[in-house]
Amino acid sequence: MAPLGMLLGLVVASCFTFCLSHQNPEFALTNPEKSRTKETERKETTAEEELDPEVLEVFHPTHEWQPLRPGQSVPAGSHIRMNFRTGATEVKLPNEDKFRNTLKGSKKGKRLDINANTYTSQDLKSALVKFKEGTEMESSKEDKARQAEVKRLFRPIEELKKDFEELNVVIETDMQIMVRLINKFNSSSSSLEEKIAALFDLEYYVHQMDNAQDLLSFGGLQVVINGLNSTEPLVKEYAAFVLGAAFSSNPKVQVEAIEGGALQKLLVILATEQPLTAKKKVLFALCSLLRHFPYAQQQFLKLGGLQVLRSLVQEKDTQVLAVRVVTLLYDLVTEKMFAEEEAELAQETSPEKLQQYRQVHLLPDLREQGWCEITAHLLELPEHDAREKVLQTLGALLATCRDHFHKDPQLSSMLASLQAEYQALAALELQDGEDEGYFRELLGSINSLLKELR
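Residues numbered from 1 in each chain as written. Predicted model: local features only at pLDDT ≥ 70, side-chain atom pairs only at ≥ 80, totals over all residues. Heavy atoms only, no water.

Glancing now at the overall build of the chain. Secondary structure assignment for the chain yields 21 helices and five strands. Expressed as a percentage of the 454 residues in the chain, the buried residues total 34%. Counting contacts in the chain only where the partners sit at least 6 residues apart, residues at least 24 apart contribute 64% of the total. Summing over all exposed atoms, the chain offers an accessible surface of approximately 29100 Å²; the carbon and sulfur share of this is 55%. (Helix = DSSP H or I, 4+ residues; strand = E, 2+ residues; numbered from the N terminus. Buried < 20%, exposed > 50% of the residue type's maximum accessible area, 1.4 Å probe, protein only. Contact = heavy atoms within 4.5 Å. Areas by Shrake-Rupley, 256 points an atom, 1.4 Å probe, with all protein chains shown as cover.)

Quick look at the structure:
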């Protein structure tokens, strides 16, 4: 019986083992290699997940500092610090609520979905390269579009020159234009209208300092100066118009004009009977020649320029010229005064320009030739602007003409009358809210003169 029972036990054990091996192959005793392979794969997967920096556990910070465990991912915008007392890295949310949305939908222990919400460093590098390439392409497209627009709106200078040549039109420089205009003016075959048109156009160009100096290089300035000798009043007028524009603040041209006899010719026109419009332009040219040019001022006094201006002011119906003459005298007096003050401040005792100004004895000549009385009587002019300029000149002449002003009863009465007039006008300005109005300034000039003359 014992051998039979042992045999029966072995049969049952074999059947049980056979059934188990068919129900779950993983536990089959007959397939040990597959079981070891699956276990190895499971271990490797776990190890990769632990080592993969892209698959991290999300850390859920709060508004309080909490320690960060190794391997945890921190949401963007979180505050991180090192606790030097414990040596742990701590994280918390910023104060703003805008970062709370970052944690919405996240659950503790959830793995980051690297395919949907995160990118590897290589992905970011690739995206940056593509972004730069796209920017360069867009920039290149914009440049090409801009160039195409410029080409559509404008044409190259070579094409324009070619078209002008076909039309028999030549592009000229300012120098070439001035040469052509001078030739037109100086030609005996040109009509009076053509000469006037040439001078009118030339005045536009000589306003520029370089163009005015270029006028010297081919003798054009002397041609215009000689035009002052013309018997035609219009030629004299427009020649003086061109010279006044060329002289203005241009020392080189001023010197050449003095050497070319322009000053004498201008004074002759002012001293003779000429149309008022011609004398206006000639006086303009004279003022441009004398300002900031002490040598020309010396020659002006030697040639009797003050007598010429005095006769001009005393002519009938020349009030406009009188105001311009008074303004010129004021400018010349103050110009010399400022030059001496600048030299004194700079502690220069004998600069060349100062020596030239000291040779201009303008104030004594004005006193001797009666300009103290002439200027005072010009206060009778009705225009406020004219009175302003006369008051300025009286103030500049005060040191030289004080005794004449004291002895002139007409001046005192005129100043008192003007004081009353401008007090009323200044009061109206104050009512309109103008504390520093034009009439108040004129009243101040009158009050200063009256105070000095008491």
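Moving on, there is more to tell.
Let us now look at a nonpolar patch on the surface. A cluster of nonpolar side chains, I157, F164, L167 and I171, forms an exposed patch at the surface whose accessible area comes to about 370 Å². Relative to the elements of secondary structure, F164 occurs in helix 4 (residues 157–166). Judged by relative accessible area, which is 30%, F164 ranks as partly exposed. (Patch = residues over 30% accessible without salt bridge, like charges linked within 9 Å, V, L, I, M, F, W, Y side chains within 5 Å. Salt bridge = Lys/Arg side-chain N within 4 Å of Asp/Glu carboxyl O.)

What follows concerns the pairing of strand 5 (residues 89–92). Every regular strand shows the same layout, with side chains that alternate between the two sheet faces. Relative to strand 5, strand 2 (residues 66–67) runs antiparallel, the two being bridged by two bridges. If you follow P67 over to strand 5, its bridge partner there is E90. Relative to strand 5, strand 4 (residues 79–82) is paired through four bridges, and the arrangement is antiparallel. If you follow R81 over to strand 5, its bridge partner there is E90. Between strand 4 and the antiparallel strand that follows it, strand 5, lie six residues; G87 among them carries a positive phi value of about 80°. (Pairing = 2+ DSSP bridges.)

Among the residues making up helix 10 (residues 251–259), those that are buried are V253, Q254, A257 and I258. An end-on view of helix 10 places all buried positions within 140° of arc, on one side of the element. Contacts made by the buried residues of helix 10 are with helix 7 (209–217), helix 8 (220–226), helix 9 (233–247), helix 11 (262–271), helix 12 (276–290) and helix 13 (294–302). Remark: G261 follows helix 10 within two positions and exhibits a positive phi of approximately 80°. (Arc of directions from axis to C-beta.)

Looking now at a negative patch on the surface. A cluster of acidic residues, D432, E434, D435, E436 and E441, forms a negative patch on the protein surface. Structurally, the position occupied by D432 is in the loop between helix 20 (409–431) and helix 21 (438–453). In this structure D432 comes out as exposed when scored by relative accessible area, which is 61%. (Lys, Arg positive; Asp, Glu negative; His and termini not counted. Charge placed at Lys NZ, Arg CZ, Asp CG, Glu CD.)

Among the secondary structure elements, V74 is positioned in the loop between strand 3 (72–73) and strand 4. C-alpha of V74 to C-alpha of V91: the two residues are 17 residues apart in sequence and 8.0 Å apart in space. Those residues in contact with V74, other than ones at most four positions away along the chain, are L68, I80 and V91.

Under the defined criterion, the tally for this structure stands at one disulfide. A sulfur-sulfur separation of 1.8 Å characterises the disulfide bridge that pairs C372 with C401. Since a negative S-S torsion denotes a left-handed disulfide, the C372-C401 link at about -65° is left-handed. One end of the pair, C372, is in helix 18 (residues 371–377); the other, C401, is in helix 19 (residues 384–407), and 29 residues separate them in sequence. Summarising the burial analysis for this pair, C372 and C401 share the class buried. (Disulfide = S-S within 2.5 Å.)

What follows concerns the pattern of salt bridges. The final tally for this structure, using the stated rule, is 12 salt bridges. For the salt bridge of D385 with K389, the shortest nitrogen-to-oxygen distance reads 2.8 Å. One end of the pair is D385 and the other is K389, both in helix 19 and four residues apart, which spans about a single turn. For K389, a relative accessible area of 23% translates into the label partly exposed.

For the rest of this paragraph, the subject is unusual backbone geometry. For S249, which is not a glycine, the phi torsion comes out positive at approximately 50°. Considering the arrangement of structural elements, one finds S249 in the loop between helix 9 and helix 10.

Structurally, L418 can be placed in helix 20. L418 sits 24 residues away from L442 along the chain, and the two C-alpha atoms are 9.3 Å apart. Ignoring sequence-local partners within four residues, the contact set of L418 consists of L379, R387 and I446.

On the basis of which strands lie adjacent, the open sheet formed by three strands has the order 2-5-4 and antiparallel pairing. Two strands in the sheet have a free side with no partner beyond their single neighbour: strand 2 and strand 4.

Relative to each other, helix 12 and helix 13 sit at 125°, their axes nearing to 8 Å. Regarding the angle of helix 12 to helix 13, the classification is oblique. Across from L286, L289 and L290 in helix 12, the residues of helix 13 making contact are A296, Q297 and F300. Class assignment for the residues of the contact of helix 12 with helix 13 results in five nonpolar, one polar and no charged. (Axes fitted to C-alpha atoms, helices over the stretch in contact; angles between N-to-C directions. Parallel < 35°, antiparallel > 145°, perpendicular 65-115°, else oblique. Nonpolar A, V, L, I, M, F, W, Y, C, P; charged D, E, K, R; others polar.)

Tracing the backbone through its elements, the reader meets I177 in helix 5 (residues 174–186). I177 gets classed as buried once you look at its relative accessible area, which sits at 11%. Expressed as a C-alpha distance, the spacing of I177 and D201, which sit 24 residues apart in the sequence, is 9.4 Å.

This paragraph deals with the confidence of the model for the chain. A residue-level look at the chain finds 79% of positions with pLDDT of 70 or above and a mean pLDDT of 82. Note that pLDDT drops below 50 for residues 43–55; the model gives that stretch five contacts with residues more than four away or on any other chain. Segment residues 98–116: pLDDT under 50, and 25 contacts once partners within four positions in sequence are set aside and those in other chains are kept. (pLDDT = per-residue confidence, 0-100.)

Further remarks concern the packing of aromatic side chains. The geometry of an aromatic ring pair is captured by two quantities: the separation of the ring centres and the angle between the planes. Here the structure, examined in full by the defined rule, presents five aromatic pairs. Between the aromatic rings of Y238 and F241, the centroid separation amounts to 6.4 Å while the plane-to-plane angle is 80°, which identifies the pairing as edge-to-face. Remark: F241 and Y238 occur in helix 9; sequence separation between them is three residues, near one turn of the helix. As far as the burial class goes, Y238 and F241 line up, both buried. Members of the aromatic cluster, connected to one another through ring pairs, are Y422, Y438 and F439. In this structure, K281 is placed above the aromatic ring of F241, and the distance from its NZ or CZ to the ring centre is 5.3 Å. (Phe/Tyr/Trp six-rings, centres within 6.5 Å; stacked < 30°, edge-to-face > 60°. Lys NZ or Arg CZ within 6 Å of the ring centre and 35° of its normal.)

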